[in-house]
Structure formats: structure tokens, C-alpha cells
Amino acid sequence: MKTLFRPVVIVVALVMTITAGLLVRHTEQGYVQYIEGNLAEAKSLLSERGRQGDALASFIAAGLAGQWVRNPLDVCKSRQLYALSAEQGFPAARALYVATLLQISSSPDSCAWVEESLDMLTGSDNGLAAVMMSILLEQKACGGPAPQQSLIYLLLGRSQGMKAMGDKIDALAALPGTSVEAAEAEARILLEQTRPTVDWSAIHASEPPGFCQGVIPD
């Protein structure tokens, strides 16, 4: 399931989400180290800032913790930081917390929870949940691939603000049985749908049990 979280997707998400925050915090501890490329030190400092209530710091630290994934424990540490950022009100952290469960488990219950949760989050985070849904729909372990549905959500994500999706859209469009025109029409319908306010606490509480209990980020 590691293909679900290719570095380019996370990089796009990070750039989209944190650039404005870095502009106003570039002189602060943790952010300085991140900008300068001292990533191990940045992760430690930003994790501590996150525990003190800095949602952006939690989000960046989660991405850094997930860059060198070695085992499920490392994924859990990253997910706990995403959860902290989500609880602090950072929309993109919610989609990444949900999607990263599949790096630990691709059981039917896990796949169903991820799909249902990403669907509820779609439209609330500048397109990241839609892009994660698109990638989910390609995964054989979760019933895929479903290239036309994947294309619909990828186009939906792009229309909501996710950039640098052109190569992936072209690749899906070249597959037999896919249609960009039909996908764009379906994406417009999804975009125009009225969705209920996201209840993050309910989504988080409904996660299948048995993963990451008691794990504390470094």
C-alpha cells in the first residue's frame, strides 16, 4: 500500500498547505530548521510546538515523520501528529490521517472506513481528500483499480485547488475505457453537491480499532 502515498502527492499537499504559514513564521524555532533543510531537528522541534497548540507545526512534523517510514510504528507516530493537527483545526491533516491507515492495514474494514471518511471530507480541504480518494480507487487491495472513478476524483481535486496533477490525469485518460469528458461532468456534479459540515470527532471515533493505541510521537 505504500504506492498510496507517493512523495509527490505529499510534497504537493505540503506546498499547497504550508507556504503561507512559512511566510509569517520563517524566523521561529522549528520552522527555521525546516526551511534550512535540517529535517531531523525540525521534526523534533515542530512536534514539540504541535504539542503546545501549533497546528501547522503538527502537520509539517507529521509529514516529516512519514518520510522515512520503516515499520508500522513509524506510521503510527506520523498519524498521531496528523490527528493532533486535525484536532487543532487543520483540514489537510484530516485527509492524510485517514489515508495513512492503509499503510498499516488494508483489511475490508480499513478500506471501507478510509473510503467513507474521504468521501465525507471531500470538498473541505482544497482538494486533498479528493486526490487521496482517487489514489485509493487505484488500489487492488481495496477493490480497485477503478480508473474512471479515480479520474473523476482527481479532476475534482484539481478543480478544488490541488495542483501538479496533470501527468496523472493524462495517464488515467490514456487507459482503455476512461473518458475525460464524462469524468469532468461527474466531477462537476460532485463539486456542486451540498455536503454536511464535517464532524471530525465522529470520523476519528469511527476508525476500526486495533491500530496505534498508546503510540506517542517522538
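Provided above is the structure to which this section pertains.
This report concerns the structure included in the present document. These numbers were taken from a predicted model, which means no experiment stands behind them.

Right, let's talk about the overall build of the protein chain for a bit. Counting its secondary structure elements, the protein chain contains twelve helices and zero strands. In sequence order, the protein chain lays out its α and β elements as α-α-α-α-α-α-α-α-α-α-α-α. Counting all 218 residues of the protein chain, 46% fall into the buried class. Once local pairs closer than 6 in sequence are excluded, the contacts in the protein chain between residues at least 24 apart make up 63%. Approximately 10300 Å² of the protein chain is accessible, and the part contributed by carbon and sulfur atoms is 55%.

Next up on the list: the environment of Ile203. By the element assignment, Ile203 lies in helix 12 (residues 200-205). Classification of Ile203 by relative accessible area gives buried; the value is 3%. Spatially, the C-alpha atoms of Ile203 and Arg94 are 9.3 Å apart, while their sequence positions differ by 109 residues. The contact partners of Ile203, leaving out residues within four places of it in the chain, are Val98, Trp113, Ser117, Met120, Leu121 and Val198.

With the rule as written, the count across this model stands at six salt bridges. Residues Arg195 and Asp119 are paired through a salt bridge, measuring 3.8 Å at the closest nitrogen-oxygen approach. Pair noted here: Arg195 is in the loop between helix 11 (180-192) and helix 12 and Asp119 is in helix 7 (residues 108-121), with a separation of 76 residues, a long-range link. We note a salt bridge from Lys168 to Glu138, for which the minimum N-O separation is 2.9 Å. In this pair, Lys168 is assigned in helix 10 (residues 166-173) and Glu138 in the loop between helix 8 (128-136) and helix 9 (147-159), connecting sequence segments 30 residues apart. Exposure remark for Lys168: the relative accessible area of 23% places this residue in the partly exposed category. Glu138 gets classed as partly exposed once you look at its relative accessible area, which sits at 23%.

With that out of the way, let us pick up the nonpolar core. Leu46, Ile60, Val98, Val114, Leu118 and Met132 are the most contacted members of the largest nonpolar core, which totals 57 residues. Here this core takes nine residues from helix 4 (residues 55-65), the largest share from any one element.

Our next topic: the packing of aromatic side chains. Within this structure, the stated rule accounts for three aromatic pairs. Taking the centre distance of 5.7 Å and the plane angle of 65° together, the rings of Phe59 and Tyr82 count as edge-to-face. With Phe59 in helix 4 and Tyr82 in helix 5 (residues 72-87), the pair connects residues that are 23 residues apart, well separated along the chain. On the basis of relative accessibility, which here comes to 0%, the residue Phe59 falls in the buried class. Aromatic side chains Tyr97 and Trp200 sit 5.8 Å apart centroid to centroid with 85° between the ring planes, which places their arrangement in the edge-to-face category.

All right, on to unusual backbone geometry then. Excluding glycine, residues mostly carry a negative phi; peptide bonds, for their part, are mostly trans. Put simply, Gly144 and Pro145 share a cis peptide bond, and its omega is 0°. Here Pro145 is to be found in the loop between helix 8 and helix 9. At Asn126, a residue that is not glycine, the phi angle is positive and equals roughly 60°. Inspection of the secondary structure puts Asn126 in the loop between helix 7 and helix 8.

Basis of the calculations
Residues numbered from 1 in each chain as written. Predicted model: local features only at pLDDT ≥ 70, side-chain atom pairs only at ≥ 80, totals over all residues. Heavy atoms only, no water. Helix = DSSP H or I, 4+ residues; strand = E, 2+ residues; numbered from the N terminus. Buried < 20%, exposed > 50% of the residue type's maximum accessible area, 1.4 Å probe, protein only. Contact = heavy atoms within 4.5 Å. Areas by Shrake-Rupley, 256 points an atom, 1.4 Å probe, with all protein chains shown as cover. Salt bridge = Lys/Arg side-chain N within 4 Å of Asp/Glu carboxyl O. Core = buried A, V, L, I, M, F, W, Y, C linked by side-chain atoms within 4.5 Å. Phe/Tyr/Trp six-rings, centres within 6.5 Å; stacked < 30°, edge-to-face > 60°.

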